[in-house]
Structure formats: C-alpha cells, structure tokens
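Now for the letters of each chain:
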Amino acid sequence: MTESTTPTLTPTLTGERADLLEQLGKARFFLRFTANELTDAQAAERSTVSELCVGGLIKHVTGVEQAWVGFILEGPSAMPDFTAMTEEDFAHRRDGFRLLPGETLPGVLADYAEVARRTDDLVATLPDLDAAHPLPKAPWFDADARWSARRVLLHIIAETAQHAGHADIIREALDGAKSMG
C-alpha cells in the first residue's frame, strides 16, 4: 500500500462513546442521504415557506458541530457572545442556512465529512466526557449554566437529527423523494 491508501487506524470504541458516535452517525447519514442525487440548484432551492434548503441545512449543521467542538476544546471563547450580535452578525448567521453563490453541494458535503471526522476523533480521544465549561452568553441560556462534553455531544446529535427531519421535508417537497419513512 502507498501512504495515501493506508487506512487511518482508530481505536475500537465501546460503551458510551460508541453509543454517542453511533447515534450521531445515524443522524448524519439521514441528513446526507437527503442530498442524494440533487444538483446544486436543487440543494439551494427553497421548497417550503421557510428559508431552509437541503444544502443550507448541511452547511448549518457543519458550522454548529464545528462550533460546539470548539466549545468542548476551548470553552465559551470559541463561541460568539450572542447578546452582543449586530444586524450584520445576524445576516451572516442567516447565510449559514443557504447555499451562497460559489458554494456547491459537493463542497458542503466535503466540509461536513471533515468536521465529522474531527468530531469522531475527539470523541474517541477526549480524556473526560464530564469536562465542562460555562455556556457562552446568549438569551436562551441560563447565565450560570455549564455543559459537559457529553451534554454538548447530545446537543449535536439532537441538532443533527432535527435538521435531518427538516431536510427530509424539503426534499420530499422538491421531488417526492423521502429519506425517512
């Protein structure tokens, strides 16, 4: 084998870490599956009254997962102060739900795969799932709340599963294809 084809060896996980990664993997699968055989134009198309599109949801989940992994590693400094966001910040945040000019579905999926790989590596190697940080400032968090790495991973799983459902509805409205049920 050449170096480029040598598989990466990851430890075989059991117990809680394996369970977390299995659930996250299932949610990721369904989210990615909604994009099967879509063109970039279809992935960017709004098929409901919401602003959401399949490609934008994948892009959003990628950013959310990346941000929360940063939180696990660095604490609240890895996240914005949501109480101080400007209208420009909110416009940028809304763009995270859309495929913008120059963005492609294959590009968004590749970014997602890379973020997922890094998250999976972190889950496999993080010394302590109980390590916790105070949450970033946001009107939707209690001021004194702390989340452990475990709680953050559960949040990533829930967010991914929720948006996989949104993507399924959008995809069905686009062309009748269903990824779930």
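Residues numbered from 1 in each chain as written. Predicted model: local features only at pLDDT ≥ 70, side-chain atom pairs only at ≥ 80, totals over all residues. Heavy atoms only, no water.

Glancing now at the side chain of R17. Counting through the fold element by element, R17 comes out in helix α1 (residues 15-33). Buried and without a salt bridge, R17 has E16 as its closest oppositely charged side chain, separated by 6.2 Å. In contact with R17, other than residues within four places in its own chain, are V123, A124, T125, L126, P127, D128 and L129. (Helix = DSSP H or I, 4+ residues; strand = E, 2+ residues; numbered from the N terminus. Buried < 20%, exposed > 50% of the residue type's maximum accessible area, 1.4 Å probe, protein only. Lys, Arg positive; Asp, Glu negative; His and termini not counted. Salt bridge = Lys/Arg side-chain N within 4 Å of Asp/Glu carboxyl O. Contact = heavy atoms within 4.5 Å.)

The interhelical angle for the contact between helix α3 (residues 54-74) and helix α6 (residues 149-175), taken along N-to-C directions, is 180 degrees, at an axis separation of 10 Å. Comparing the axis directions of α3 and α6 gives the class roughly antiparallel. Note on element contacts: α6 touches α3 through A149, V152, L153, H155, I156, E159, T160, H163, H166, A167, I170 and R171, opposite V54, L57, H60, V61, V64, E65, W68, V69, F71 and I72. Taken together, the residues of the contact of α3 with α6 break down into 14 nonpolar, five polar and three charged. (Axes fitted to C-alpha atoms, helices over the stretch in contact; angles between N-to-C directions. Parallel < 35°, antiparallel > 145°, perpendicular 65-115°, else oblique. Nonpolar A, V, L, I, M, F, W, Y, C, P; charged D, E, K, R; others polar.)

A full pass over the atoms with the stated rule returns 15 salt bridges. Across the pair E65 and R28 runs a salt bridge, and its minimum N-O distance is 2.7 Å. Taken as a pair, E65 in helix α3 and R28 in helix α1 lie far apart in primary sequence, 37 residues in all. Like E65, the residue R28 is buried in the burial classification. Two residues, E103 and K59, come together in a salt bridge whose shortest N-O distance is 2.8 Å. Within this pair, whereas E103 is found in the loop between α4 (87-95) and α5 (105-125), its partner K59 is found in helix α3, the two being separated by 44 residues in sequence. A relative accessible area of 18% places K59 in the buried class. Taken together, the shared-partner salt bridges in this structure form one network comprising R46, E51, D95 and R98.

Mapped onto the elements of the fold, S77 is located in the loop between α3 and α4. Judged by its relative accessible area of 62%, S77 is exposed. Here the alpha-carbon distance between S77 and I156, two residues 79 residues apart in the chain, equals 18 Å. Only 3.4 Å separates the side chain of S77 from the backbone oxygen of E74, close enough to count as a polar contact. (Polar contact = N/O pair within 3.5 Å; in protein donor to acceptor, adjacent residues only side chain to side chain.)

A word on the packing of aromatic side chains. Following the criterion strictly, the structure yields eight aromatic pairs and no others. Judged by centre distance (6.3 Å) and plane angle (80 degrees), the ring pair of W68 and F141 falls under edge-to-face. Taken together, the residues span a long stretch of sequence, with W68 in helix α3 and F141 in the loop between β1 (132-134) and β2 (146-148) at a distance of 73 residues. The pair W68 / F141 is uniform in exposure class, with both members buried. Aromatic side chains W68 and W147 sit 5.1 Å apart centroid to centroid with 25 degrees between the ring planes, which places their arrangement in the stacked category. Highlighted residues: W68 in helix α3 and W147 in strand β2, separated in sequence by 79 residues. We note that W68, like W147, is buried. Directly above the ring of W147 sits R151, whose terminal nitrogen or CZ lies 4.1 Å from the centroid. (Phe/Tyr/Trp six-rings, centres within 6.5 Å; stacked < 30°, edge-to-face > 60°. Lys NZ or Arg CZ within 6 Å of the ring centre and 35° of its normal.)

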